[in-house]
Amino acid sequence: KQAKNVIAVANLTSTSGLASSSSRGPAEDGRIKPDVGAKGSYVYSTEENQTYGTKSGTSMACPGVSGVLAQLYQAYKELNSGQNPSSALMKAILLNTADDIGNPGPDFKYGWGEVNIYRAIKLLENGNYITNSLDQGNTNTHNIVVPSGTQEIKVMVYWHDKEASTSASTALVNNLNIQLTSPTGIIYDPWVLDHTPNASILNQNAVRGIDNLNNMEQVTIDIPSAGNYTLSINGSSVPYGPQTYYVVYEFISDNIELTYPIGGESIVPGGNELIRWDTYNTSGSCIIDYSLDGGNNWINITNSANASNRYYNWYVPNTVTDNALVRITRNGVTDQSDAPFTIIDIPQNVTVDWICPDSIYVYWNAVNGATSYEVNMLGLMYMDSMTTTSNLSTLIINPNPAITDSWFSVAAKLNNGKGRRAY
């Protein structure tokens, strides 16, 4: 976790709190660690002996980030004719699009913030990244045009650095330094932290300065003027050149965007769900409503959700529908689920009564409001849909009599909406 080119992940709760067991930085030579944070507390997951359980720790946060990166890689491939990206680019995007939590800017508890795969995907789709290389003493410049209405610009330069000697006091080998110049000539240095080994100093906010420790540097500007900004990258010390680097940038506007539930989800009635949104301006309160009939009628959840939390704990109504929506409003700006989601319970007591070379018989308990049930069987990779029935039992043809271990599940359906599968 001390390494330069890995992704060290902090353990966060579902509401972005830092777990007490999560390691704090810096690295021994003062570099920023961790890199990012992700949920790792009370994660419901698989366990040994074909069971499930709740676990906590960075050992749960890291697999979550691995899954996020798998989605990011897939998105890049779909946008680039099946080609794989550089892992350095993926790390740069992940860090720069993270939600800034904790102290403003980077810090030694959350790193560059909490992973935000939605923003990361949008950065890829918008093509807001540049690749180039640099030798010792040379300077490259890149133009970034900031559109009007931008509330914040975030620019990061990242490079996979050559390995240092194990006896080196500073791990950085190739040192690049960046500055961002505004259309009016104002020069912005990247964010740096004081790594003096003192508890209060380590918890101080980042300041602008020259970074000679990290292989990633970020400049952010609040309420930037529209126009052409110049990013300067200098090869301050590049003994092993040329050094390939990646520039990633994003423009954040003052809107509010619902990110969960956005449509197609399966939610259990009478349970709790965290409604989530994305926003730059975290001041003020949000109004949150839900609809059970596709938006014809709305029911208020709250008029005072704290915008800065980016979440609200919703007690889901004890009803069933395949036409539910959520909407959120702040300062007259509204966003809502892109499509309906389903509220219906999970089938209980799923039982395999027999499994024979020619047939398999499965039954389960009724679910209130269900119009049919989808029966699933584990195939080579997925829980494959075997049949849909309105009964509480079904007989399916055994697709592979040679397999002695098979796994089954059932999901309740309400018209075209589908609930969660039983464990």
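Our structure's up above, just so we're on the same page.
What you are looking at is a predicted structure, and each value in this text was computed from that prediction instead of being measured.

The rules behind these values
- Residues numbered from 1 in each chain as written.
- Predicted model: local features only at pLDDT ≥ 70, side-chain atom pairs only at ≥ 80, totals over all residues.
- Heavy atoms only, no water.
- Helix = DSSP H or I, 4+ residues; strand = E, 2+ residues; numbered from the N terminus.
- Contact = heavy atoms within 4.5 Å.
- Areas by Shrake-Rupley, 256 points an atom, 1.4 Å probe, with all protein chains shown as cover.
- Lys, Arg positive; Asp, Glu negative; His and termini not counted.
- Charge placed at Lys NZ, Arg CZ, Asp CG, Glu CD.
- Axes fitted to C-alpha atoms, helices over the stretch in contact; angles between N-to-C directions.
- Parallel < 35°, antiparallel > 145°, perpendicular 65-115°, else oblique.
- Left-handed = near helix turned anticlockwise from the far one by under 90°.
- Nonpolar A, V, L, I, M, F, W, Y, C, P; charged D, E, K, R; others polar.
- Buried < 20%, exposed > 50% of the residue type's maximum accessible area, 1.4 Å probe, protein only.
- Pairing = 2+ DSSP bridges.
- Core = buried A, V, L, I, M, F, W, Y, C linked by side-chain atoms within 4.5 Å.
- Phe/Tyr/Trp six-rings, centres within 6.5 Å; stacked < 30°, edge-to-face > 60°.
- Lys NZ or Arg CZ within 6 Å of the ring centre and 35° of its normal.
- Polar contact = N/O pair within 3.5 Å; in protein donor to acceptor, adjacent residues only side chain to side chain.

Colleague: Tell me about the overall build of the protein, residues and numbers included.
Modeller: What the protein contains, in helices and strands, is four helices and 30 strands. Expressed as lengths along the three principal axes of its C-alpha atoms, the size of the protein is roughly 75 × 55 × 45 Å. Counting contacts in the protein only where the partners sit at least 6 residues apart, residues at least 24 apart contribute 69% of the total. Looking at the protein as shown, the accessible area adds up to about 20,000 Å², and 46% of this sits on carbon and sulfur atoms. The average position of the 23 basic charges and that of the 37 acidic charges among the side chains of the protein differ by 3 Å.

Colleague: How would you explain the packing of helix H1 (residues 58-79) against helix H2 (residues 87-96) if you had to name every residue and give the values?
Modeller: At a minimum axis separation of 11 Å, H1 and H2 run at an interaxial angle of 115 degrees. When the interaxial angle is binned, H1 and H2 end up roughly perpendicular. For the element pair H1 and H2, the recorded crossing hand is right-handed. Judged by residue contacts, Val65, Val68, Leu69, Leu72, Tyr73 and Tyr76 of H1 engage Ser87, Leu89, Met90, Ile93 and Leu94 from H2. Its residues assigned to classes, the contact of H1 with H2 shows ten nonpolar, one polar and no charged.

Colleague: Report on the pairing of strand E7 (residues 150-158), specifying residues and quantitative values.
Modeller: Burial runs high along E7: nine of the nine residues are buried. With eight bridges joining them, E7 and strand E14 (residues 243-253) adopt antiparallel strand pairing. When the bridges of E14 are listed, Lys154 appears paired with Glu250. Sheet analysis places E7 next to strand E12 (residues 216-222), joined by seven bridges and oriented antiparallel. Bridge pairing in E12 links Met156 to Gln218.

Colleague: Let's hear about the sheet that holds E14: which residues, and what values?
Modeller: For sheets, the rule is that strands pair by backbone hydrogen bonds, running either parallel or antiparallel. Reading across the sheet, the four strands line up as E5-E14-E7-E12 and stay open at both edges, with antiparallel pairing between neighbours. Looking at the sheet topology across the chains shown, the edges are occupied by strand E5 (129-134) and E12. Taken pair by pair, the neighbouring strands of this sheet meet at an average axis angle of 15 degrees, ignoring direction. Sitting on the sheet, helix H3 (residues 117-126) is in contact with E5 and E14, with an inclination near 110 degrees to E14.

Colleague: Now, about the nonpolar core: what can you tell me, with residues and values included?
Modeller: Across soluble globular proteins, nonpolar side chains have a tendency to be buried as a group. Formed by 34 residues in total, the largest nonpolar core has its most connected members in Leu72, Met90, Ile93 and Leu94. At the level of secondary structure, the elements contributing two or more residues to this core comprise strand E2 (36-39), H1, H2, H3, E7 and E14. Look past the residues within four positions of Ile93 in its chain and what remains in contact with it is Leu72, Ala120, Leu123, Leu124 and Val248.

Colleague: Provide a residue-level description of H3, including the pertinent values.
Modeller: Buried within H3 we find Arg119, Ala120, Ile121, Leu123 and Leu124. Just downstream of H3 lies Gly127, where phi reads positive at about 65 degrees.

Colleague: So, the packing of aromatic side chains: which residues are in play, and what are the values?
Modeller: Where two aromatic rings form a pair, the distance of their centres and the angle of their planes describe that pair. Inspection of every chain in the model, using the stated rule, returns nine aromatic pairs. Ring centres of Tyr44 and Tyr423 lie 5.1 Å apart, and the angle between their planes is 65 degrees; on these two criteria the pair is classed as edge-to-face. A residue pair is termed long-range when its members are at least 10 positions apart, and Tyr44 in strand E3 (residues 43-47) and Tyr423 in the segment after strand E30 (417-421) qualify at 379 residues. Its relative accessible area of 65% is what places Tyr423 among the exposed residues. In this structure, Lys162 packs its charged tip against the face of Tyr240, placed 4.7 Å from the ring centre. Positioned over the ring face of Trp191 is Arg208, at 4.2 Å from the centre of the ring.

Colleague: Could you give an account of the sheet that holds strand E27 (residues 383-389), with specific residues and numbers?
Modeller: Spatially, four strands are ordered E27-E26-E29-E30 in an open sheet, and the strand pairing comes out antiparallel. Strand pairing shows two members of the sheet lacking a second neighbour, E27 and E30, which therefore form its edges. Ignoring strand direction, the axes of neighbouring strands in this sheet form an average angle of 30 degrees. Summarising the sheet, strand E26 (residues 372-378) and E27 pair through six bridges and their orientation is antiparallel. From the neighbouring strand, Leu378 faces E27, where its bridge partner is Met383.

Colleague: How would you explain H2 if you had to name every residue and give the values?
Modeller: Taking burial as the measure, the ten residues of H2 include nine buried ones, the bulk of the element. Among all positions in H2, only Ala88, Leu89, Met90, Lys91, Ala92, Ile93, Leu94, Leu95 and Asn96 are buried.

Colleague: Explain the side chain of Asn128 to me, using residue names and the numbers behind them.
Modeller: Mapped onto the fold, Asn128 is located in the loop between H3 and E5. Excluding residues that lie within four positions of it along the chain, Asn128 makes contacts with Leu123, Val247, Val248, Tyr249, Glu250 and Phe251.

Colleague: Explain the side chain of Ser266 to me, and be specific about the residues and the numbers.
Modeller: With respect to the secondary-structure elements, Ser266 resides in strand E16 (residues 266-267). According to the relative accessible area criterion, Ser266 is buried, its value standing at 17%. A distance of 2.5 Å separates the side chain of Ser266 from the backbone oxygen of Lys418, its partner in a polar contact. In this structure, Ser266 is in contact with Thr342, Lys418, Gly419 and Arg420, ignoring residues within four places of it in sequence.

Colleague: With reference to specific residues and values, describe unusual backbone geometry.
Modeller: Backbone phi values are negative for most residues with the exception of glycine, while trans is the configuration of most peptide bonds. In this structure, the amide linkage connecting Lys33 to the following residue, Pro34, adopts the cis form with an omega of -5 degrees. If you trace the backbone, Pro34 turns up in the loop between strand E1 (9-12) and E2. Gly241 connects to Pro242 through a cis peptide bond whose omega is -5 degrees. Considering the arrangement of structural elements, one finds Pro242 in the loop between strand E13 (227-237) and E14. A positive phi angle, close to 55 degrees, is found at Tyr42, a residue other than glycine. Take Tyr42: its relative accessible area is 66%, and that puts it in the exposed class. If you check the backbone angles, Asn349 has positive phi at about 55 degrees while not being a glycine. Here Asn349 lies in the loop between strand E23 (341-343) and strand E24 (351-355).

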